[in-house]
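The lines below spell out each chain.
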Amino acid sequence: MNPASTPTQVPYHLAIIMDGNGRWAKSRGLPRLAGHHAGTENLRRILRSCVKHGIKILTLYAFSTENWGRPADEVRGLMGILEQVIERELNELHAEGVRIRHIGRMNGIAPRLQRKITHAVEMTRNNDTLILNVALNYGGRQEIIDAVRRLLADGVKPEALDDALFGQYLYTDGLPDPDLIVRTSGEMRVSNFLIWQGAYAEYYATPTYWPDFNEDELQKALDHYASRERRFGLVAEQTIAARSK
Ligand code: FPP
């Protein structure tokens, strides 16, 4: 768990459920994929804004294990967008010191896209300006099942298991939990996203569709986060004492 943050801090780890691309497109009489393209363009400005704010980890929910059930055209289009983004943005992201990580099941992703992801992860592995964690073919329950499978395969003794050890078996091994989880488009659901890691995260929901979630909208989310008192199950006096240690 990320230790208690001071109320004025920006989140160290921000996670975003980028929702509302389809409705954004529909409201303009455009096909759904146009919404995903607009959402992808928005990523650039939000990523750069995160760097400016000093956010160190940005986790984006790009494609869930459930999203495979969408119409074939949309799935194909989204996979194409993901490939294009890696091709188009990788060199610049690398130059800016962004480290790319993938969370989710590799198995199930087309081999060509798998190779592009592996290349991006390898190329950027020593960067440290910001970790961009892309949740692709990701599901929180699936992540927990994968962790349990590996724990069993490793013969971990039941009494040896605790939060910290379990965390080492998750896709996010080595990363602190998200401090703030933002969901755009007005939905108030977790949708199988970081269900273990989000145990103590602050949540922020906005009716704004993802393509319209600009720097000002990000600022509002950060202001909201800064105004929260994070207690991690303790009482206020204890968290104040912990911060002053
Ligand atoms: C949710 O909107 C959005 C998605 C399922 C896809 C998000 C993916 C991108 C923006 C592509 C690029 C991502 C990366 C990290 C390179 P929705 O389609 O569920 O919208 P709706 O609820 O209005 O239908």
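Before reading on, note that the structure itself is shown above.
Each value, and the rule that gives it
- Residues numbered from 1 in each chain as written.
- Predicted model: local features only at pLDDT ≥ 70, side-chain atom pairs only at ≥ 80, totals over all residues.
- Heavy atoms only, no water.
- Helix = DSSP H or I, 4+ residues; strand = E, 2+ residues; numbered from the N terminus.
- Expected span 1.5 Å × (residues − 1).
- Buried < 20%, exposed > 50% of the residue type's maximum accessible area, 1.4 Å probe, protein only.
- Arc of directions from axis to C-beta.
- Contact = heavy atoms within 4.5 Å.
- Polar contact = N/O pair within 3.5 Å; in protein donor to acceptor, adjacent residues only side chain to side chain.
- Salt bridge = Lys/Arg side-chain N within 4 Å of Asp/Glu carboxyl O.

Draft legend 1. Representation of helix 7 (residues 215–226) in the model. Helix length check: helix 7, at 12 residues, gives a terminal C-alpha distance of 16 Å against a target of 16 Å (1.5 Å per residue), a fit within 8%. Those residues of helix 7 that sit buried are Glu 217, Leu 218, Ala 221, Leu 222 and Tyr 225. End-on view of helix 7: buried residues confined to an arc of 140 degrees, all on one side of the axis. Along its buried surface, helix 7 packs onto strand 1 (13–17), helix 2 (32–53), strand 5 (180–183) and strand 6 (202–205). Sitting at the amino-terminal end of helix 7 is Asn 214, which places a side-chain oxygen 3.1 Å from the backbone nitrogen of Asp 216.

Draft legend 2. The arrangement of helix 5 (residues 140–153) in detail. Between its terminal C-alpha atoms helix 5 stretches 20 Å, which fits the 20 Å expected from 14 residues at 1.5 Å a residue. Every buried residue belonging to helix 5 is among Gly 140, Gln 142, Glu 143, Asp 146, Ala 147 and Leu 151, and all of these are buried. Tucked into the core, helix 5 has its buried residues touching strand 4 (130–138) and helix 6 (163–168). After helix 5 finishes, the residue Gly 155 shows a positive phi value of roughly 65 degrees.

Draft legend 3. The pattern of salt bridges, seen in detail. Summed over the entire model, instances satisfying the criterion amount to 21 salt bridges. For Arg 23, the salt bridge identified is with Asp 19, shortest N-O distance 3.6 Å. A cluster of three or more residues bridged by salt bridges with shared partners is formed by Asp 19, Arg 23, Arg 183, Glu 187 and Arg 189.

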